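Take a look at the letters that make up each chain.
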Amino acid sequence: MNLRKLILTNNACFKAGKTIIPKGIMVHSTGADNPWLKRYVGPDDGLLGKNQYNNNWNQEKPGGRQVCVHAFIGKLADGTIATYQTLPWNHRGWHAGGTANNTHIGFEICEDGLSDSTYFNKVYREAVELCVFLCREFGLTEKDIICHSEGYKQGIASNHGDVLHWFPKHGKSMDTFRADVKSGLSFAASVETTTPKKYYRVQLGSFSVKANADAMLSKVKAAGFTDAFIKYSE
């Protein structure tokens, strides 16, 4: 995952300052043939490229709408794929058009013409990796992930078709997406349990007064160094 951050501080959603405890993730896609991140994220940070129309979402009400998501996935100026975090993850977004705003982190995948399998596979993989990251960050599982269309069927989002109008064109569905996130979580957990931990020894120095040494020992133990000890020598 190529994760970067550019918070949309001028958006009215960010200014509202409301927070949530994330209970799920909602996958969206933009519904427009424009895969470039600069269309939605700005200003240009040297990687996004310049938006000549200045119509990104870093403004009060983009296009006159009250909209904002936690992240976008799409193309940088050089054509590579990236994820841009655009709201703090625990910020209440304006993405679902329903009560899912109170519970779900929402992100948008920038659509192209929907027929380019190379682009699709890249953003699909980026979205899977983002969800793996968010699940680990907030104690969620693949079962907590839905798309906007599924949210509508559950009565917690507005009537949108994303992403089920796009994924099946490339042999994918939200079920395959959740399965891929589950595999990613399992892999991450296996790596975590098999990677040996590193330990670093810290020596604090010598004390001419034993009471001072004892006081320092108490401090380092209080800081979490439970195996700290004093070696006394004359």
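Residues numbered from 1 in each chain as written. Predicted model: local features only at pLDDT ≥ 70, side-chain atom pairs only at ≥ 80, totals over all residues. Heavy atoms only, no water.

The name given to the chain in an unreviewed UniProt entry is N-acetylmuramoyl-L-alanine amidase, with the source organism recorded as Irregularibacter muris. What UniProt states about the chain under its Catalytic activity (unreviewed entry) heading is, verbatim, "Hydrolyzes the link between N-acetylmuramoyl residues and L-amino acid residues in certain cell-wall glycopeptides." (UniProt positions renumbered as here; feature names shortened; annotations may be inferred.)

Quick look at the overall build of the chain now. Broken down by element type, the chain carries five helices and six strands. Walking the chain from its N terminus toward its C terminus, one meets helices and strands in the order β-α-β-β-β-β-α-β-α-α-α. Looking at the chain residue by residue over its 234 residues, the buried ones come to 41%. Contacts in the chain between residues at least 24 apart in sequence constitute 72% of all its contacts with a sequence separation of at least 6. Carbon and sulfur atoms make up 50% of the accessible area of the chain, which amounts to about 13,100 Å² in all. (Helix = DSSP H or I, 4+ residues; strand = E, 2+ residues; numbered from the N terminus. Buried < 20%, exposed > 50% of the residue type's maximum accessible area, 1.4 Å probe, protein only. Contact = heavy atoms within 4.5 Å. Areas by Shrake-Rupley, 256 points an atom, 1.4 Å probe, with all protein chains shown as cover.)

Here we come to the nonpolar core. Counting residues in hydrophobic clusters, the biggest one holds 50 residues, and the most contacted among them are Val-27, Leu-37, Phe-107, Ile-145, Phe-167, Phe-177 and Val-181. Every element with two or more residues in this core is listed here: α1 (12-16), β2 (24-29), β3 (71-75), β4 (81-85), β5 (104-109), α2 (117-138), β6 (145-147) and α4 (174-194). By residue number, the principal contributor to this core is α2, which donates 11 residues. Discounting chain neighbours no more than four positions away, the residues touching Phe-177 are Val-27, Tyr-124, Ala-127, Val-128, Cys-131, Ile-145 and Phe-167. If you look at the next biggest cluster of nonpolar residues, it comprises six residues, including Met-26, Ala-96, Ile-156 and Ala-157. (Core = buried A, V, L, I, M, F, W, Y, C linked by side-chain atoms within 4.5 Å.)

Inspection of every chain in the model, using the stated rule, returns three salt bridges. Here Glu-60 and Lys-15 are joined by a salt bridge, their closest N and O atoms 3.0 Å apart. With Glu-60 in the loop between β2 and β3 and Lys-15 in helix α1, the pair connects residues that are 45 residues apart, well separated along the chain. The structure contains a network of salt bridges with shared partners spanning Glu-150, Asp-175 and Arg-178. (Salt bridge = Lys/Arg side-chain N within 4 Å of Asp/Glu carboxyl O.)

A full pass over the atoms with the stated rule returns 11 aromatic pairs. Aromatic side chains Phe-120 and Tyr-124 sit 5.5 Å apart centroid to centroid with 35° between the ring planes, which places their arrangement in the tilted category. Taken together, the positions of Phe-120 and Tyr-124, both in helix α2 and four residues apart, correspond to about one turn of that helix. Judged on exposure class, the residue Phe-120 and its partner Tyr-124 are both buried. Both rings, one in Trp-166 and one in Phe-167, keep their centres 6.4 Å apart while their planes meet at 65°; by these two values the pair is edge-to-face. Phe-167 carries the same exposure label as Trp-166, and that label is buried. (Phe/Tyr/Trp six-rings, centres within 6.5 Å; stacked < 30°, edge-to-face > 60°.)

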